[in-house]
Amino acid sequence: MIRMRTIEISVGAFMLAGIIALIFIAVRVSGVNLSQATGTYTLTARFHDVAGLRVRSKVSMAGVAIGRVAKIDVDSEYGEAIVTFEISDKVANLSADCGAQIQTEGILGGRYVSISQGADEKLLKDGDRIRNTQDAVVLENLIGEFLTRQGGGSNSDKGGS
Amino acid sequence: MLRLLRLLGQEALTRLGTLGRSAYVLFWTLYSLPRRGDLELLGKQLYQVGVLSLAIIVLSAFSIGAVLALQGYTQLAKIGAEQSVGLGVALVLLRELGPVVTGLLFAGRAGSAMTAEIGLMKTTDQLAGMEMMGVDPLHRVVAPRLWAGIVCLPVLTLIFNAVAIWAAGLVGVDWLGIDPGGFWSGMTDGVEMWEDVGKGMVKSGVFAFLISWIAVFEGYDALPTAEGIGNATTRTVVYSSVVVLAVDFVLTLVMYGEFK
Amino acid sequence: MRAIHSSAPQDRRETEEPRRRAACKWYSLPRFDADPAHTLTDNLIEIEGLSFARGDRVIFNGLDLTVPRGSVTALMGPSGTGKTTLLRIIGGQIRPDEGSVRVDGREVTRMSRGELLDFRRGLGMLFQSSALFTDFSVFDNVAFPLRVHTDLPEDMIRDLVLLKLNSVGLRGARDLMPAQLSGGMSRRVALARAIALDPKFIMYDEPFTGQDPISLGVLATLISGLNRALKTTSLVVSHDIHETTQIADLIYIISDGRVIGRGSPTELKHERSQMVQQFMTGAPDGPVPFHYPADDFLEDVLGAH
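The rules we used
Residues numbered from 1 in each chain as written. Chains lettered and ligands numbered in written order. Predicted model: local features only at pLDDT ≥ 70, side-chain atom pairs only at ≥ 80, totals over all residues. Helix = DSSP H or I, 4+ residues; strand = E, 2+ residues; numbered from the N terminus. Buried ≥ 20, exposed ≤ 12 C-beta atoms within 10 Å, placed from the backbone. Contact = placed C-beta atoms within 7 Å. Nonpolar A, V, L, I, M, F, W, Y, C, P; charged D, E, K, R; others polar. Pairing = 2+ DSSP bridges. Axes fitted to C-alpha atoms, helices over the stretch in contact; angles between N-to-C directions. Parallel < 35°, antiparallel > 145°, perpendicular 65-115°, else oblique. Left-handed = near helix turned anticlockwise from the far one by under 90°. Core = buried A, V, L, I, M, F, W, Y, C linked by C-beta atoms within 7 Å.

Caption draft 1: View of the overall build of chain B. Secondary structure summary: chain B contains 9 helices and 0 strands in total. When the helices and strands of chain B are placed in sequence order, the string is α-α-α-α-α-α-α-α-α. Along the first, second and third principal axes, the C-alpha atoms of chain B reach 70 × 55 × 30 Å. Residue burial in chain B is summarised as follows: out of 260 residues, 48% are buried. Excluding contacts between residues fewer than 6 apart, the proportion of contacts in chain B whose partners are at least 24 apart in sequence is 87%.

Caption draft 2: Molecular detail of the interface of chain C and chain B. Opposite the 14 residues of chain C that make contact, chain B presents 10 residues. At the level of elements, helix H4 (113-121), strand E6 (123-126) and helix H5 (138-149) of chain C are the ones that each hand at least two residues to the side of chain C that touches chain B. Residues of the side of chain C that touches chain B, tallied by class, amount to 8 nonpolar, 4 polar and 2 charged.

Caption draft 3: Examining the sheet that holds strand E5 (residues 106-107) of chain C more closely. Residues and elements named next belong to chain C. What the 4 strands build is an open sheet, ordered E2-E1-E4-E5; its pairing is antiparallel. Either end of the sheet is taken by a strand with one partner, and the two such strands are strand E2 (57-68) and E5. The pairing of strand E1 (residues 43-54) with E2 spans 9 bridges and is classified as antiparallel. Counted as the bridge partner of Phe52 is Phe60 from E2.

Caption draft 4: Geometry of the packing of helix H4 (residues 85-123) of chain B against helix H7 (residues 180-190) of chain B. All names here are of chain B. As a packed pair, H4 and H7 sit with axes 7 Å apart at the nearest point and diverge in direction by 50°. With respect to H7, the element H4 is oriented oblique. When you trace H4 past H7, the crossing you get is right-handed. Of the residues in H7, those in contact with Val85, Gly86, Leu87, Ala90 and Leu91 of H4 are Phe183, Trp184, Gly186, Met187 and Gly190. Each residue belonging to the contact of H4 with H7 can be placed in one class, and the counts come to 7 nonpolar, 3 polar and no charged.

Caption draft 5: Inspection of the environment of Val138 of chain C at higher detail. All names here are of chain C. Along the chain, the position of Val138 falls in helix H5. Separated by 26 residues in the primary sequence, Val138 and Ser112 have C-alpha atoms spaced 32 Å apart. Each residue touching Val138, except ones within four places of it in the same chain, is listed here: Leu170, Ala173, Arg174, Asp175, Leu176 and Val189.

Caption draft 6: Focus on the nonpolar core. All names here are of chain B. Ile159 and Ile211 are the most contacted members of the largest nonpolar core, which has 150 residues in total. When residues of this core are assigned to their parent elements, the largest contribution, 22 residues, is made by helix H6 (residues 137-175). For Ile211, the contacting residues outside a window of four places in its chain are Gly103, Phe106, Ala107, Gly111, Gly149, Leu153, Ser240 and Val244.

See below:
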């Protein structure tokens, strides 16, 4: 018959192990402390094609994460996508003519938005729109373009391969 | 043909009866409010159910984490994406393998132990003796085990996930030479607290409830013979495993529904 | 508690027999009316018209039984007649199909869970397997009902437990675990536990089965001694003719779901019913046949198929 004190101690240690595991997972694995510590502000941008971009995709500048995609809506009238970002307050100096481009991580990686700084003195505030946008590169279109150019150059191999 | 139908009907009715009995047991177990002295009972069960399961959980976690890292590396290195091993392993563990494997191991170790203990107490008339002394065995014997199971399995799942991910890191970074920055930050970037960890824990909670319910009911309902207890423990392990896998499928559909 | 060992059960019973004789209205077999004056004494338990069937098997069919207050009453009968089931019905664990079971004036068959809990506090039961809690020591087993049902401080509980253990002669064994006890000792510990709350009424399910002669003697002495000392009523289910006739004031013989014999041990010895005689003498063949129903012997063996 195990004594009560041993039981209490080991149950306590067990629970502690669980808490440590939780902390490990929270901090090391899912990087919880980021973006909770600082506040965020909202910017929007319009794209012709956001293929592959998802809500919660990364928004980065010069490769460093500065925010996340919060919402993706569609404007059916103009046939455009309206993307809403949440940018960390630490990056509050985006100029009005900064650019947002949808890029791909690696070959098979997910989509993310890369923001490049502009030169305008006027800065973007909460709710403003980024005007300078460049769409996602869609691999199929690229191949199609390439083939069309090839086909235009020489009369053989039209639509072939 | 008619005989077959009748047999099926009888079987269905028997199973319905079992389901009804199990709901009855669950209701009366939860109905009795805790009193002083119950914490001691619960503590003892937390030890039996949780602490004694640690060994198998930790060992399995270590092995599974290491194997995932190995296999993942082998495949992803072919296309130069070995940095994604961290993210891939973490997602698989947190969303699926963690809750499911821990659940299966738990059902086999702690679930069958609960069933056997309760069944044995039934066979040796200890439950009847308690009842005759005016003590409700559901309150004293069954409820602490049920609650202990519900509390311990999620904790064990957390420990499983943490150990497995750490083991994957050991194998991937220290042994196979994956760049630690890429490995860990790929994970941090891609893993989300609610989406991956949170939903995985929700699964674990659901499994905990179902497995504990099945385990204590089978023990309480067992035939009071040696064979009866043996069958009951087998049923606990089999039913729990099937339920865990089936419910996992349903929950995955519900939680991560937008596959298209 | 020393009084238990002082007088032999035989003498004690003879002097108290007239006082204890139960002559009540509710028996169904007038031939056993040994007391034609029908003096109505106080009955602790009154069972009327009890009917209970398990599936297709009818276990009780209109059973009537009374247990006089303060007596040691025995239930005897062939195996499988449901004597244990009867104890369970009295204790409220099983609900009969029909009939009434009144204990101390309270109708057991209609009690709610809460009332049953209360009722069982005044009840002690000794199981055939002693049903000790295997993960508790002897001391903790006996202390269990005290700890659960009372708010007494630990030192008072300790005193009470030691008293009870002493009355069964096992005070020195208090730190042993049930696995370390012999069969007879387990039963005695279970008995100490059953009397922990000084119940009004104790039921014994086959206390003499499988015991060596010394343990038999000890248990029999304890049962009758405790009954007298604690002023309780005891109901003993047993097969053992010898020990039971030594200690019982009133014996019921139950077969086929009904009472077929009732009376004091001496009365039953002289009872003319064949069934009762077969039971009391242990004859292998009689109203309870030796052969399970089968075809004619010669036909069965010689008849080729």
